[in-house]
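Here's the letter readout for the chains.
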Amino acid sequence: MDSVQGGRRVLARVSEFQPSGDQFLCETKKSRKWKFIVENRNGLDVYYELYICGNKVIVSHCNDSGACTVKATYTIGSDVVQAFLCQFADPEAEDNANVSALCIVEEAFLHFYCSSGDSFTVPLAFQAGSVFPLKNGVLVQERKSNSMLTPQLYCLLHPADMLAPVTVNLPGSAGDCLELVWACPDPPLAVFVNIETRAYSIWSLKQLESMGTLQLIAPDGSTSHCTANLHSAAASHTPTVKFDPGLGIMSHQSSKESLHLNPPHSRTASPFVPSGGSGRTPESGRLGRLILPWSGASGQGVTRSEPLAAMLHHCHSRGPYQAPPQQRTSSPRLARIDYRTIPRCAPITFSPRLVGVKRRMSSVFSGGDHDVSLGETSFLDGMVAPAMEMNRVWVDEAIDEQTKDLDDRQFAKAFLYKDFSGKHYVCILTAGSLRLVEYTQTSHTVVFSNSFSLTCKDALPLEKLGVLVLLREGNELSLYCGQQAVCCVGFEYKCGVAKLISSVRCDVYMEMVSGQAVQAILPPLPTFTAVDMCLGALQCVLPHDIYNSLHSLWYVHAVKVSKETNLAGIQLLNTFCTFLLDACGVDVTEIEPVSGSSPIVSEKEDEDWCRLLGDLKKSCASTAYLVGLPPDEETVPPTSACRQLRVNVSSFLYKHLPVVFFSLHLVHEEMKLNCLLHGNFIVLAQLLVTLGTCLSCHSYLDYYYSAYPVLHCSMASLHTEHKSEMMEYLSSPCDVMLWLQNAFDSDQDPFPILSGVTRRTQDICIAFSIFGQLSQGHRDSSKIVKPFGLGSDTELKSAVSLYEKLSKEFSPMNAVVQFIAVQGFSPELLQSLPRGVEIPLREALHSCCNDPPTGWPTEAYHLLGRDDLARQKEVAKGRDPRLEPKATIRPSKQNTMEMVSDGMDHLMDDEILQMRFSQDQRIREVRRLLQSAKPCRINLKQRPEVSDHDFIEEQEQRLFLVCQRTMALPVARGMFTLGTLRPIVTEPLPVPPLTLKGQVPPRNTAVNLDHIDIPASMTDWPEFHNGVACGLVIDPRMKEVHSSWITYNQPVDKQLTNEHAGFLLALGLTGHLNNLDTRRIHSYLSKGHQLTSTGLLLGLAAAKRGTSDLEVTRTLSVHVQALLPIGSSELDIPPLVQTAAVVGIGLVYEGSAHRHMAEVLLGEIGRPAGPELENATNRESHALAAGIALGMVALGKADSAVGLLDLKIADTLFSYMTAGQLKRPLKLGKKEDLHSHLIMETSEVNTHVTAPGAILALGLIYMKSNNRSVAHWLDTPDSHFALQSIRPDFLTLRTISHGMILWDTVHPSVQWVESRIPQSVNKLAFQSYNDDEINSDSTPTDSKMIWYRCISSSTDRH
């Protein structure tokens, strides 16, 4: 082995190294310790430098170049014993996710600094010896003292828990005295050394979960059983606890094991050696020890906040250990304890966890000479159940007699190692050798097999290279892969190596004899995708030792060649092919390499032309050979026909040539499914042609020649005695494209798969087999794919089981989508597939995209592009705060104007919209159309005959038309942004401005409405609606909208504006105006701003809709004269506010059928103008509001409201609608005669005022009643004379109310809409007439207008 190694050598770059901690600590560095640690974050390895010096720990992050940046510095009270990374299960996280933490060990304290920001300090009742990380928690070994035979073990599963004992099951002899050397979290293993024999052993760790049955044996022999929260190593047996008062020992035993419990006052017993006379017990079978901590806080039980209380007596019975003089302060979740203030024999209380044990034992240990009191001082009080157990799985039987008497524990260390072929080892380093123990890890167990030793002084693993770095005699560094020597490492330095400190990536850090730290950088293995696939394929088919030798040779060869020429890409693949042929024994001197791109040709034109003709002749020759025609002699290459390959049959890889050839062929088929590797096909194909020629595989040669006609063609015969063995499975080539083509139509042989290498081939073959179910039905998985090689087929079994499940439960399209999603397909991977393979998969995705089934895995929704459904599935497991409406984020200076002026910026940051419409720009387009903050573009060209003054007026006229559209935008914006924002309550809600200005490009000259006449109050209602849209954006579920914040949104100058008035109405619509107190309501109403009063009254009524709230009723009644008491003083209330109050009454008393309110509102519909025209202003709007309010009060009541029958509301409304005589007088108010002396009105009702309100009131009162009698009043007249007596807008209202009453007869169809049009109108609407034929009573224009009104009103009801 050494001779092989002596011929291979790699050079390492050596440089002096200074840890990053040396730059910050100026004190002496003799006691410093530093190492590199790795943490896996989301599949990526992150490296840190951990520097320990005195009581300080410095953590530095290492980048890819090796430079370190200090991230954190920790200072504790005393010197640091250890520091390392560990993990704990987070009980509050989903799926018990782990939280990483930095553990710093003192003599009597454990400090934990978690990545989540939490920190814990756990006090210990003993001096810490060594601490190691577990999968979830840490393993603590007590420091060994002279009086202690063996240190005890504890585990801490969470920093907030208390230390729990560890059960160690000792098979065989009970006299083993063990000491912990090393522990590993994954797999959970620990290495012990026998103190007497110096033999090392490996133990498995297991967390206990089952309950144990405790059998108690008193000194007189009586027994008692109880169930306690004790974990038993053998749950199927009943443990027994026996107390010996003379020795102070409890023995815990069963039919197969015996575990002994030490009371706190007995320190002669060892956790590994059963106590008794000579320290040995005669029990046979498996023996072990159960170590228990004990409580010592008087009157207190063991709790999570006092982990030390369970071990105080245990600590002070040990000897004169004194805590450091520094003040110790633990985490708030832990106790603060001073050792010096605790009495040595503190009274002990019973732990709540074993209260059942105490009750049982009270009846057992009583009476006799050895009566044991179970009161306050019972030694069993406070027992903590063991949390973990250890079982020995391997012991070193080969003990070197020469080193048996040498105490090598100071040199001992252990680590895990994985070689080239994937074998796992536990490496144990002693004073003169490295012991490698091979193990195999399954889902439940770890199985150990053979072991061997390597002579060395020190060793470290290099995980990136898969090798071991050994420091051998003579200060020589060597690389080993298992038992296989790889090479020597050459480096130049002025002195020798003292020890190896740490390793990371390809770097080895050493300490020289002079004390200087040195970094040795080993050359990395050049990588390329195609080469890595080939190595993975060879690893699957070759024996482990053969592959390790091959990989070692390739590493040395690749490093040597890359040193001479920079290998990358296709050059590295060419080098690997040449190396592999040489390893197989093929003479490569006469083989011309083929480039992955176009052939290299000469620059001269004649040579180019000749080369082109030569390629054409080769192609024609290959084609003739395929169809069975004899080749033309002139077209046969002059050298390839007579070339004979020479093969060395003694090569170590020659006998494995068939499996090498077939595995590389499967890699070739895998590469065909990746368009990114298209340039590598021909290089690998040339290697396969050469190997196929050596094996005389003519069918494979024909396959390669048909795809690559320019390849070399050489024939060689195989040795006859090996031919039958090697050719049994090389009868015909496997073509993945042909297999996929036939997968739709017929059954075929299963396609061979290299597990972990040809993953894409495996998944696509299974996916296409699911497609084949459309024509063939379910196909057996054994006829789709089959494993090939020596590797594990875990991935293949997982994929096949998923196929069986999906193909039986879902349709083929759905099954394909779920399968490729679970197997890790991404959009990028789909794009790299050949188009013929990609199109069927894309079709399956397209068919499921619009309506995917529920219950799919999250990966499937992501692959479909439906990230919104994926997030909903995540929320179903637990509430996701990202789904709630976003809060307003304080904008930066450059974005302030855009956010304030737009009002829709939060929608662009909404995560749900981005997921649901990731490729859709409609949201951005709607935002652009609805923005009203930017000036409008007025792009007009001035004609020559138009003067400048006239052109300005023309621009302003155009601006006026555009402004009408701008003033309507707030209504749409309010609907678009409804309930999408949670504002910050410490900031006012910005109102987007309503800009009624224009700009003329290209200079953006401003255009204002200064030279044309516009209505004075043109912007009042648009500004009001703009405020409503601003308020509607607030989420109705928000609870933080209070009265002070509502008034905080007033303008800066405290002057009420139209926008703020609309904002108040919006708050009422969303229910937030309920929080406005009475004092601020009075303040708003007393200022006399009409729109503010209107918005406030409507908002209050909307917030209390249908509640008949008396407080809001009083506020509204003040503004309605008909609701004021007779004789009260008249208030000067604007008509607009009165109308708003009337509508508010209808909202508050919605559906209540309140008699008084219905009577008042019925009278308000026909309220006269008044003698002095005091009610003439907005008379029509007041009557309409009263009609709507009346309909809301008696909404859907029809004739079922008994209290309203005597009012004869339907008859009165009919009179209001048809201009009839009122059949009874109405109580219209305080004055008896309110008729105007200036407006001549008859005794009949003025339908121009009362009809709209009466029509809508009838529709609301009889809504969904299907009352045909009332609906007949609202029918559209069929005669032209009757139609002319009805205003077109009244006709629209009649049609709408008719549909509301006959709700069940409405159908969303063209036939129903046309049935609502009178026959006479439908006949005359679109006919052409001569002037003589036109009837004076009706014109085509009138008929068209009526037809349009009927159509529009009928479609409105849908």
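Up top you'll find the structure we're talking about.
Residues numbered from 1 in each chain as written. Predicted model: local features only at pLDDT ≥ 70, side-chain atom pairs only at ≥ 80, totals over all residues. Heavy atoms only, no water.

Peer 1: Whenever I open this one, the packing of helix 16 (residues 812-822) against helix 18 (residues 835-849) confuses me. Can you help?
Peer 2: The packing of two helices is summarised by the inter-axis angle and the distance between the axes. Interhelical geometry of helix 16 versus helix 18 gives an angle of 110 degrees and a closest axis separation of 9 Å. As summarised for this structure, helix 16 and helix 18 are arranged roughly perpendicular, according to the angle between their axes. Here helix 16 contributes M813, N814, V816, V817 and I820 to the contact with helix 18, which in turn contributes L841, A844, L845, S847 and C848. Among the residues forming the contact of helix 16 with helix 18, the class breakdown is eight nonpolar, two polar and no charged. (Axes fitted to C-alpha atoms, helices over the stretch in contact; angles between N-to-C directions. Helix = DSSP H or I, 4+ residues; strand = E, 2+ residues; numbered from the N terminus. Parallel < 35°, antiparallel > 145°, perpendicular 65-115°, else oblique. Contact = heavy atoms within 4.5 Å. Nonpolar A, V, L, I, M, F, W, Y, C, P; charged D, E, K, R; others polar.)

Peer 1: So what exactly am I meant to see when it comes to the sheet that holds strand 40 (residues 1005-1007) here?
Peer 2: Within a sheet, each strand pairs with its neighbour through backbone hydrogen bonds, oriented either parallel or antiparallel. With mixed pairing, three strands are arranged side by side in an open sheet as 38-39-40. Edge positions in the open sheet fall to strand 38 (936-937) and strand 40, since each of these has one partner strand only. Here strand 38 pairs with strand 39 (residues 998-1000) via two bridges, running parallel. The partner of R937 across the bridge, within strand 39, is Q999. Taken strand by strand, helix 25 (residues 948-976) contacts strand 38, strand 39 and strand 40, and its axis lies near 70 degrees from that of strand 40. (Pairing = 2+ DSSP bridges.)

Peer 1: Teacher, can you tell me more about the pattern of salt bridges here?
Peer 2: Once the charged atoms of two side chains with opposite charge are near each other, the side chains can pair. All told, the structure shown has 23 salt bridges when counted by the stated rule. D735 serves as the salt-bridge partner of K672, at 3.1 Å between the closest nitrogen and oxygen. You can see K672 sitting in helix 8 (residues 657-672) and its partner D735 sitting in the loop between helix 11 (720-726) and helix 12 (736-742), a full 63 residues away along the chain. Two residues, R835 and E838, come together in a salt bridge whose shortest N-O distance is 2.8 Å. (Salt bridge = Lys/Arg side-chain N within 4 Å of Asp/Glu carboxyl O.)

Peer 1: Explain helix 9 (residues 681-695) here, please?
Peer 2: Given a rise of 1.5 Å per residue, 15 residues ought to cover 21 Å, and the 21 Å separating the end C-alpha atoms of helix 9 matches this to within 8%. Counting buried positions over the 15 residues of helix 9 gives 15, a clear majority of the element. Within two residues after helix 9, S696 carries a phi angle of roughly 60 degrees, on the positive side. (Expected span 1.5 Å × (residues − 1). Buried < 20%, exposed > 50% of the residue type's maximum accessible area, 1.4 Å probe, protein only.)

Peer 1: Looking at this structure, how should I read the nonpolar core?
Peer 2: Taken as a class, soluble globular proteins show a tendency for nonpolar side chains to be buried jointly. The biggest cluster of nonpolar side chains holds 149 residues, and the ones touching the most others in it are L434, L522, L542, Y555 and L580. In terms of residues, this core owes the most to one element, helix 9, which gives eleven residues. With residues near it in sequence (within four places) discarded, L580 still touches L538, L550, L653, V660, L664 and L687. Membership of the second largest hydrophobic core comes to 80 residues, among which are M1157, I1346, W1347 and C1350. (Core = buried A, V, L, I, M, F, W, Y, C linked by side-chain atoms within 4.5 Å.)

Peer 1: I keep staring at the pairing of strand 30 (residues 467-472) and nothing clicks. Help me out?
Peer 2: Along any regular strand, the residues point their side chains to alternate faces of the sheet. With six of its six residues buried, strand 30 lies for the most part within the structure. As consecutive antiparallel partners, strand 29 (residues 458-462) and strand 30 are separated by four residues, and within that stretch G466 has a phi angle of approximately 75 degrees, a positive value. When strand 30 meets strand 31 (residues 476-481), the two strands line up antiparallel, connected through five bridges. Residue pairing in the sheet places L471 in a bridge with L477 of strand 31.

Peer 1: Got a minute to help me understand the packing of aromatic side chains in this structure?
Peer 2: The description of two aromatic rings rests on the distance between their centres and on the angle between their planes. All chains considered together, the criterion is met by 23 aromatic pairs. When the ring of F768 is compared with that of F771, the centres are 5.8 Å apart and the planes differ by 85 degrees; the resulting orientation is edge-to-face. Remark: F771 and F768 occur in helix 13 (residues 759-771); sequence separation between them is three residues, near one turn of the helix. Overall, the relative accessible area of 3% leaves F768 in the buried class. Following the ring pairs from residue to residue traces out a cluster consisting of F661, Y700, Y703 and Y704. In this structure, K1264 packs its charged tip against the face of W1303, placed 4.8 Å from the ring centre. (Phe/Tyr/Trp six-rings, centres within 6.5 Å; stacked < 30°, edge-to-face > 60°. Lys NZ or Arg CZ within 6 Å of the ring centre and 35° of its normal.)

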